[in-house]
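# Tertiary structure, described
Spelled out from the first residue to the last, the chains are:
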Amino acid sequence: MAAQRVTVSSDGNKKISRVRVAVRLRPYLDKEDEKGEGPCVRGLDKQNLEIVNWRNATETVKYHFDAFHGEKTTQQEVFLSSVKPVLSHVLNGQNASVFAYGPTGAGKTHTMLGSAEKPGVIPRAVREVFNLVHAKDAEEGWDYSISMSYLEIYNEKVLDLLSPSSQDLPIRQDKDKNIFIPGLTNVTISSFSDFDTHFVPASLNRTTASTKMNQRSSRSHAILLIKVVRTSRVLPHRQQTGKLYLVDLAGSEDNRRTGNQGIRLKESGAINLSLFTLSKVVDSLNSGTSVRVPYRDSKLTRLLQDSLGGSAHSVMITNIAPEYKYYFDTFSALNFAAKSKMIVNKPFTRETVAVPVLPVKRAREEHKAGGSGS
Ligand code: ADP
Ligand code: MG
C-alpha cells in the first residue's frame, strides 16, 4: 500500500490526512441482467478501472484510485491492504474510520460484515485490535482497555443498537474537541468472543425495509465504534484514547429510480443528507485547502468529525457491482469516490456477447430513455 499523503496546514502543527479511497468490484452475480449483456465495468490493474461511457459507446471512462480490488479479491486481501494499516494508530491514541460506500446490492455488508465462511472487515479488525494489544502488553508500560458501542443513524436520528429501546441520542463535543454521545451504551470487551456476544444480536436490531430494488436494502448507516483506552502504569497514569469507527453506510442509489414513496422517500431524503454531506466532507478534506469542512451539516459527519480528517486515518471502500442494472448508481458512486477520471477513446470490449457493439448501443438508448444523467 502506498504511504498516506500527509500535509501540514497553515498553522504548522495540525496534520491533515486525506481519505484513502479504494474501490471493490464484486463478482457478476445476476446472469439475467439486461438479457445477459455482461459486465459494464472492469478492472485494469491494482489502481485503475474502466466503465462504458453511456454518452458515447465508443468510449470508456477510466478511474484512478488508491487501490482497486477486483472481483477475485478475497476478504483477507481487502483487509490487509485497505484496513490493517490504520489499526496500529488506534492503540496510540489516534482515531481511524473505515467506510463501506455504494449502492444497495454492491457488497457493502459483505465487505464489512461478511459471512461465517468469509468474515469481513469488522471481525478481522476486532481480532487484530486484540492481537495488537496482546503483543504490546508485555513490552510497554501501558494497560489497555477495549470497549465497543454500536449505533445506527436512521432518518438523521442516532439510535443505540446495544439498547434498542433508547430514543434519538444527542451528539456532543467536549472541551478537547472530542465527539461523544451521552447515554450511548459502551461495553468493555475482553476478547473477540466477548465482542461477538454483544455484536451479533445487536446486528439483528438494525432497521431495514425492503425496496423495489433489493429486499435486503438497508436505509440506515450502521456504525460500530471500537475504543481503545491505554493508561500508563506509572504515575501520573497518563491516559490516551483511540477510536475506530467501522461504518456500513446506507445505499447510495438514486431513490428517484427505486419507486420509493411516502415514508420511504422521506427516509431516502434523510439518508441522502448524511451521504451528501459525507461527500462534501471527503472532497473538502482531499482538496487540501483550508475551506471550512462541513462536518456539522449532518449527523453522520458530525459524529465522525474527530475521526475523519484532522490527524485521523480514514479509508473509504466504494463497493460497486458489474451488472448493467446498477450502471448509473455505479457511475455516480465512482464519481463520488474519484477526483481523477479520464475519458478514453476506446471501445469497451464486451466479454460475454458475440457481437460487441450492438448491446452497448442498446444499453445506451435504454439509459437515455431512463432519463437521469451522471
Ligand atoms: P450491500 O450491503 O451493499 O447491499 P451485500 O453485501 O448485501 O450488498 O451484497 C449483495 C449480494 O452480493 C450478497 O448476496 C453478497 O453475498 C454478494 N456479494 C457481495 N460482494 C461479494 C463478493 N466480493 N464476493 C461474493 N459475493 C459477494
Ligand atoms: Mg447491506
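Reference entry: report on the structure contained in this document. From a predicted model like this one, the values you see are computed outputs, not experimental measurements.

### Examining the overall build of the protein
Broken down by element type, the protein carries eight helices and 17 strands. Here the protein, with 374 residues, has 52% of them falling under the buried criterion. Across the protein, the fraction of contacts at a sequence separation of at least 24, relative to all contacts at a separation of at least 6, is 70%. Within the structure as shown, the protein displays about 17400 Å² of accessible surface, and the carbon and sulfur contribution to it stands at 53%.

### Things to note about the site of ligand 1
Around ligand 1, the neighbouring residues are R24, R26, P27, L29, P103, T104, G105, A106, G107, K108, T109 and H110. Take G105: an N or O atom from its main chain is 2.7 Å from an oxygen atom of ligand 1. In this structure, an oxygen atom belonging to ligand 1 sits 3.5 Å away from a main-chain N or O atom of A106. For ligand 1, whose accessible area on its own is 560 Å², the fraction buried by protein is 75%. With three residues, helix 2 (residues 108-112) is the largest single contributor of residues to the shell around ligand 1. Tallied by class, residues from the shell around ligand 1 come to four nonpolar, five polar and three charged.

### Some remarks on the packing of aromatic side chains
Applying the stated criterion across every chain, the model contains eight aromatic pairs. Measuring from centroid to centroid gives 3.9 Å for Y101 and F336, while their planes differ by 15°, and the two rings are stacked. With Y101 in strand 8 (residues 96-101) and F336 in helix 7 (residues 327-337), the pair connects residues that are 235 residues apart, well separated along the chain. For F336, a relative accessible area of 12% translates into the label buried. Judged by centre distance (6.2 Å) and plane angle (20°), the rings of Y324 and Y327 are stacked.

### Describing helix 1 (residues 75-91)
Helix length check: helix 1, at 17 residues, gives a terminal C-alpha distance of 23 Å against a target of 24 Å (1.5 Å per residue), a fit within 8%. Along its length, helix 1 reaches its greatest deviation from straightness, about 50°, at V83, and the proline P85 lies no more than four positions downstream. Within helix 1, the full set of buried residues consists of Q75, V78, F79, S82, V83, V86, L87, V90 and L91. Count one or two residues on from helix 1 and you reach G93, which has phi positive near 80°.

### Thoughts on the nonpolar core
Counting 51 residues, the largest nonpolar core has L49, Y63, F65, L303 and Y327 as the members making the most contacts within it. Ranked by residues supplied to this core, first place goes to helix 7 with seven residues. Each residue touching L303, except ones within four places of it in the same chain, is listed here: L151, I153, I171, I179, I181, I223 and Y245.

### Section: the pattern of salt bridges
For the structure on display, the rule yields seven salt bridges. Here E50 and R42 are joined by a salt bridge, their closest N and O atoms 3.1 Å apart. Considered together, E50 and R42 belong to a single accessibility category, that of buried residues. A cluster of three or more residues bridged by salt bridges with shared partners is formed by K280, R292 and D297.

### Observations regarding the side chain of N48
Residue position: N48 is located in strand 5 (residues 48-52). Within the structure, N48 has its side chain in polar contact with the side chain of H64 (distance 3.0 Å). When neighbours within four sequence positions are excluded, N48 is seen to be in contact with G43, Y63, H64 and F68.

### Some thoughts on unusual backbone geometry
Between L235 and P236 the backbone carries a cis peptide bond, its omega angle lying at 5°. Along the chain, P236 falls in the loop between strand 14 (221-232) and strand 15 (239-248). The phi torsion at K177 lies on the positive side, around 70°, for a residue other than glycine.

### Side note on the environment of L159
Inspection of the secondary structure puts L159 in strand 10 (residues 157-160). When its relative accessible area of 19% is taken as the criterion, L159 is described as buried. Sequence separation between L159 and L204 is 45 residues; the distance between their C-alpha atoms is 14 Å. With near-sequence residues (within four places) excluded, L159 lies in contact with Y150, L151, E152, Y154, S166, Q167 and D168.

What counts as what
Residues numbered from 1 in each chain as written. Chains lettered and ligands numbered in written order. Predicted model: local features only at pLDDT ≥ 70, side-chain atom pairs only at ≥ 80, totals over all residues. Heavy atoms only, no water. Helix = DSSP H or I, 4+ residues; strand = E, 2+ residues; numbered from the N terminus. Buried < 20%, exposed > 50% of the residue type's maximum accessible area, 1.4 Å probe, protein only. Contact = heavy atoms within 4.5 Å. Areas by Shrake-Rupley, 256 points an atom, 1.4 Å probe, with all protein chains shown as cover. Near = heavy atom within 4 Å. Polar contact = N/O pair within 3.5 Å; in protein donor to acceptor, adjacent residues only side chain to side chain. Nonpolar A, V, L, I, M, F, W, Y, C, P; charged D, E, K, R; others polar. Phe/Tyr/Trp six-rings, centres within 6.5 Å; stacked < 30°, edge-to-face > 60°. Expected span 1.5 Å × (residues − 1). Bend = angle between axes of the 7 residues up to and from the residue. Core = buried A, V, L, I, M, F, W, Y, C linked by side-chain atoms within 4.5 Å. Salt bridge = Lys/Arg side-chain N within 4 Å of Asp/Glu carboxyl O.

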